[in-house]
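# Architecture at a glance
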Amino acid sequence: SKKRGRNAFEAFAPAMQADSNLRMTVEEGLRTALAQEELVLHFQPKVALADGRLLGVEALLRWNRPGHGLVAPSDFIGLAEDSGLILPIGEWVLRQACADAVRISTRLGYAVPMAVNMSPRQFRQPGLLHRVEEALETAGLAPALLELEITESVLIDDTEVAAALLQALHRKGVRLTIDDFGTGYSSLSYLHRFPVTTLKIDQSFIADLPSNPYSEAIVASVIGLARSLKLHVVAEGVETAEQHQRLCAHQCEGGQGYLFSHPLSLEALCQMLEQRQSV
Ligand code: C2E
Ligand code: CA
Ligand code: CA
Ligand code: CA
């Protein structure tokens, strides 16, 4: 009835208002987070599954929000995307990650490749090539030590712009990883149109190992695809010895996940890697 409908609306409206107030508060906080130096990067190792060798690290953003502790990106990246704040935040991440890659490599005495997540919106921003070049130069990082992680959506929309940009980055030596591979699109035709270096198998497939034969079949075929296209392949979200063992059986090259290490602060990462070296 009309009456019930109106009551339902009235019951719904305050919740919507609260939600939008919350979003505004978070957005307000996020806006100042950059200036207040509340953003931090944590780093998670990627390892060679066969021998545990370090392949590189992935920079993962955290927000040290006053009164809230360390906030995970799932709680603010969407909002940063919607508000456009992802552009200055992404720029900060890029510059910080390049600088930290140099710090980590210098401290450990060997080169540690650094992977940076790029949001689709950031990727479509004009002048990205120049921003990447500048971040590399300012930090003094070799382009081959920088890897950009993008999702398939970037390669599906706006193909021409993406192709030109990726070719230019590739010529510079920057590496390109397809993140969350397998979750996005059924078409694989973009793989030969873009200079992709690595496929990263989405953690949802790894979480299902070994109980779900469909997931295992998908994992095996992505590994096979990478092998025949001569791409690197990394499984994300490896948590158990059994998952590790299944991935080794399928000859997956790399892995990342809590089994090897949680994302760590720069200091904790360096300490962990220094200790590993000495054993
Ligand atoms: P992602 O790029 O797919 O990163 C993997 C996520 O899985 C990370 O969550 C990581 O901490 C988590 N993870 C790692 N190992 C395991 C494991 O063994 N099990 C499980 N269950 N999870 C694991 P995090 O750090 O919360 O980041 C979530 C997402 O936020 C990232 O997903 C990425 O899409 C986005 N993100 C993080 N940092 C940035 C950034 O600097 N820029 C942009 N645009 N996005 C970012
Ligand atoms: Ca990633
Ligand atoms: Ca992922
Ligand atoms: Ca993801």
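Below, the structure is looked at part by part. Every value quoted in this text rests on a predicted model; they were computed, and no experiment measured them.

Calculation criteria
Residues numbered from 1 in each chain as written. Chains lettered and ligands numbered in written order. Predicted model: local features only at pLDDT ≥ 70, side-chain atom pairs only at ≥ 80, totals over all residues. Heavy atoms only, no water. Donors = N, O, S within 2.8 Å, 3.2 Å for Na, K, Ca; no water. Buried < 20%, exposed > 50% of the residue type's maximum accessible area, 1.4 Å probe, protein only. Disulfide = S-S within 2.5 Å. Near = heavy atom within 4 Å. Polar contact = N/O pair within 3.5 Å; in protein donor to acceptor, adjacent residues only side chain to side chain. Areas by Shrake-Rupley, 256 points an atom, 1.4 Å probe, with all protein chains shown as cover. 1 Å grid on protein atoms, 1.4 Å probe; cavity = no way out; pocket = protein on both sides within 12 Å on 5 of 7 lines; lining within 4 Å. Sits in = over half its atoms within 2 Å of the grid points. Helix = DSSP H or I, 4+ residues; strand = E, 2+ residues; numbered from the N terminus. Axes fitted to C-alpha atoms, helices over the stretch in contact; angles between N-to-C directions. Parallel < 35°, antiparallel > 145°, perpendicular 65-115°, else oblique. Left-handed = near helix turned anticlockwise from the far one by under 90°. Contact = heavy atoms within 4.5 Å. Nonpolar A, V, L, I, M, F, W, Y, C, P; charged D, E, K, R; others polar. Pairing = 2+ DSSP bridges. Salt bridge = Lys/Arg side-chain N within 4 Å of Asp/Glu carboxyl O. Expected span 1.5 Å × (residues − 1). Points joined across faces, edges and corners; volume = space filled by probe spheres on them.

E58 (OE), N117 (OD1), E149 (OE) and D179 (OD) make up the full set of protein donors to the calcium ion (ligand 2), lying at 2.2 to 2.3 Å. Donor residues for the calcium ion (ligand 2), ordered by position in the chain, follow E-x58-N-x31-E-x29-D. A relative accessible area of 30% means that N117 is categorised as partly exposed.

Attention now goes to the state of the cysteines. Inspection of every chain in the model, using the stated rule, returns zero disulfides. C270 supplies the cysteine sulfur nearest to C98, a cysteine that is in no disulfide, at a spacing of 16 Å. Just so you know, C252 is unpaired, no disulfide at all, and the nearest cysteine sulfur is the one on C248, 8.2 Å from it.

Take the site of ligand 1 next. Among the 21 residues in the neighbourhood of ligand 1, the closest are listed as Q44, R62, Q203, E239 and Y258. Within the side chain of D180, a nitrogen or oxygen atom sits 3.4 Å from an oxygen atom of ligand 1. The separation between an oxygen atom of ligand 1 and a polar main-chain atom of Y258 is 2.8 Å. Within the complex, 81% of the 800 Å² of free accessible area of ligand 1 lies under protein. Among the cavities detected, the one that contains ligand 1 is the largest pocket. Taken together, the elements giving at least two residues each to the shell around ligand 1 come down to β2 (54-65), α3 (86-108) and β6 (175-181).

A separate point is the coordination of the calcium ion (ligand 4). At 2.7 to 3.0 Å from the calcium ion (ligand 4) lie its protein donor atoms, namely D180 (OD) and D180 (OD). Between the calcium ion (ligand 4) and the calcium ion (ligand 2) there is a metal-metal distance of 5.8 Å.

Following both chains from N to C, one finds helix α5 (residues 128-139) and helix α7 (residues 159-172) inclined at 20°, their axes separated by 10 Å at the closest point. Compared by their axis directions, α5 and α7 come out roughly parallel. At the point where α5 passes α7, the crossing takes the right-handed sense. The residues of α7 that touch α5, namely those facing L128, L129, V132, E133 and L136, are L165, A168, L169 and K172. Across the contact of α5 with α7, the residue classes break down as seven nonpolar, no polar and two charged.

On to the pairing of strand β7 (residues 198-201). Of the two faces of β7, both are covered, the one formed by T198 and K200 as well as the one formed by L199 and I201. Bridge count between β6 and β7: three bridges; the pairing is parallel. For T177, the partnering residue across the bridge sits in β7 and is T198.

Bringing the pattern of salt bridges into the picture now. In this structure the tally under the stated criterion is 15 salt bridges. Of the charged contacts in the structure, one is a salt bridge between E147 and K46, with a shortest N-O distance of 2.9 Å. Of this pair, E147 sits in strand β5 (residues 146-151) while K46 is found in strand β1 (residues 39-48), placing the two residues 101 residues apart along the sequence. This pair shows no difference in class: E147 is buried, exactly as K46 is. One salt bridge in this structure joins R95 and E134, with 3.0 Å as the shortest N-O distance. In this pair, R95 is assigned in helix α3 and E134 in helix α5, connecting sequence segments 39 residues apart. Given a relative accessible area of 29%, R95 falls into the partly exposed group. Given the relative accessible area of 33%, E134 is considered partly exposed. The network of salt bridges with common partners includes K46, E58, E147, E149 and K200.

Compared with an ideal rise of 1.5 Å per residue, which puts 23 residues at 33 Å, α3 spans 31 Å between its outermost C-alpha atoms and is within 8% of the ideal. Phi turns positive, to about 85°, at G109, one or two residues after α3.

Looking now at the layout of surface pockets. Computed from the structure, the largest pocket encloses a volume of approximately 940 Å³. Lining the largest pocket are 38 residues, and of these E58, L60, P73, N117 and D179 sit closest to its centre. Of all the elements in the fold, those that place two or more residues in the lining of the largest pocket are β2, α2 (77-83), α3, β4 (114-117), α4 (120-123), β5, β6 and α8 (203-207). At five residues, the largest contribution of residues to the lining of the largest pocket is made by β2. Its residues placed into classes, the lining of the largest pocket shows 16 nonpolar, twelve polar and ten charged. Approximately 240 Å³ is the volume found for the second largest pocket.

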